[in-house]
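Structural description and commentary
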Amino acid sequence: MTRFAHSALAALVALSTPFAAPLGFTQVAQAADLSVYSGDDGSVCGEAWVLNKITDRFSYQVHHVPHLPQVAITDFRNIRQHRYEPSSDEWPIGRHYCRATVNLSDGRDRSIFYLIEEGQGFASIGDNVEFCVSGFDRWLVYNGRCRVLR
C-alpha cells in the first residue's frame, strides 16, 4: 500500500467512528506511518492482485511469443522481497524487488523475478508489475537470466 493509501485509510477509519477518541486516531496514524519509517515487510510481493497480474500476463506472453512452450503458472512458492527502494525526492518511484518459485503446468519449477513500481499503473493509477520467468525471456527484455529484475 502506498503512503497516500495508508494516510487515507487512517483518516477514513477515524472519520467513520463517530465517537473516536483522539488517542484511537493517534494509534491508527502511527500504524499507517510505521511502513514509512521502518521500510517494507515484503507483504506486497505475495498479494493476490500482484500474483494474478503476473499469471495473466504470463499466459498472454506464452501465447503470443513464438517458440515458447504453451504452459501456465499453477502455483507460487517461496515468495520473498529481496530489496525495497522507497520513494524519495531524488528517486520518486518506490520499488519492491521480489522473487519466487513458480510451478508450471508441465510440472517444472522455474525462478521468477518481479518488480512492483508504486504509482506507475495505467495513467499513473495503481502500481505496475514487471516480471521475468527464468528461461522465458526469449527476446532478452530483462537481459540474460532476468538480470534487470534481480
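Provided above is the structure to which this section pertains.
Residues numbered from 1 in each chain as written. Predicted model: local features only at pLDDT ≥ 70, side-chain atom pairs only at ≥ 80, totals over all residues. Heavy atoms only, no water.

**Some points on the pattern of salt bridges**
Heads up, the condition is: When a carboxyl oxygen of Asp or Glu is within 4 Å of a side-chain nitrogen of Lys or Arg, the pair counts as a salt bridge. Helix and strand assignments come from DSSP, with helices taken as H or I runs of at least 4 residues and strands as E runs of at least 2, each series counted from the N terminus. Working definition: with a 1.4 Å probe on protein chains only, accessible area under 20% of the residue-type maximum means buried, over 50% means exposed, and in between means partly exposed.
Enumeration according to the criterion identifies 4 salt bridges in this entry. Where Glu130 meets Arg57, a salt bridge forms, and the shortest distance between an N and an O atom there is 4.0 Å. Remark: Arg57 occurs in helix 3 (residues 48–64) and Glu130 occurs in strand 4 (residues 128–133); sequence separation between them is 73 residues. Owing to a relative accessible area of 22%, Glu130 belongs among the partly exposed residues under this scheme. The partner of Asp109 in a salt bridge is Arg77, with the nearest N and O atoms 2.8 Å apart. Placement of the pair is Asp109 in strand 3 (residues 109–117) and Arg77 in strand 1 (residues 73–85), with a sequence separation of 32 residues. Note on Arg77: relative accessible area 29%, which makes it partly exposed.

**With respect to the environment of Trp49**
This is how it is decided: Working rule for contacts: check all heavy atoms of both residues, and any pair within 4.5 Å makes them a contact. Side-chain atoms alone can form a polar contact between residues adjacent in sequence; in general such a contact is a pair of N or O atoms within 3.5 Å, and within protein one must be able to donate a hydrogen while the other accepts it.
Mapping Trp49 onto the fold places it in helix 3. The partly exposed category is assigned to Trp49, whose relative accessible area is 33%. A sequence separation of 80 residues divides Trp49 from Val129, and the C-alpha atoms of the two residues are 9.9 Å apart. With residues up to four places along the chain from it excluded, the contact list for Trp49 reads Ile116, Asp127 and Val129. Within the structure, Trp49 has its side chain in polar contact with the side chain of Glu47 (distance 2.7 Å).

**Topic: the nonpolar core**
Going by this rule: Nonpolar cores are built from buried Ala, Val, Leu, Ile, Met, Phe, Trp, Tyr and Cys residues. Side-chain atoms within 4.5 Å join them into one set.
Of all hydrophobic cores here, the largest spans 23 residues; its most connected members are Ile54, Phe58, Ile112, Tyr114 and Phe136. Put simply, the parts of the chain that give this core at least two residues each are helix 3, strand 1, strand 2 (95–104), strand 3 and strand 4. It is helix 3 that contributes the most residues to this core, 5 residues altogether. Those residues in contact with Ile112 that lie beyond four places of it in its chain are Ile54, Phe76, Cys98, Arg99, Ala100, Thr101, Val102, Phe131, Cys132 and Val133. Within the second largest apolar cluster, 7 residues are counted, among which are Phe113, Leu115, Tyr142 and Cys146.

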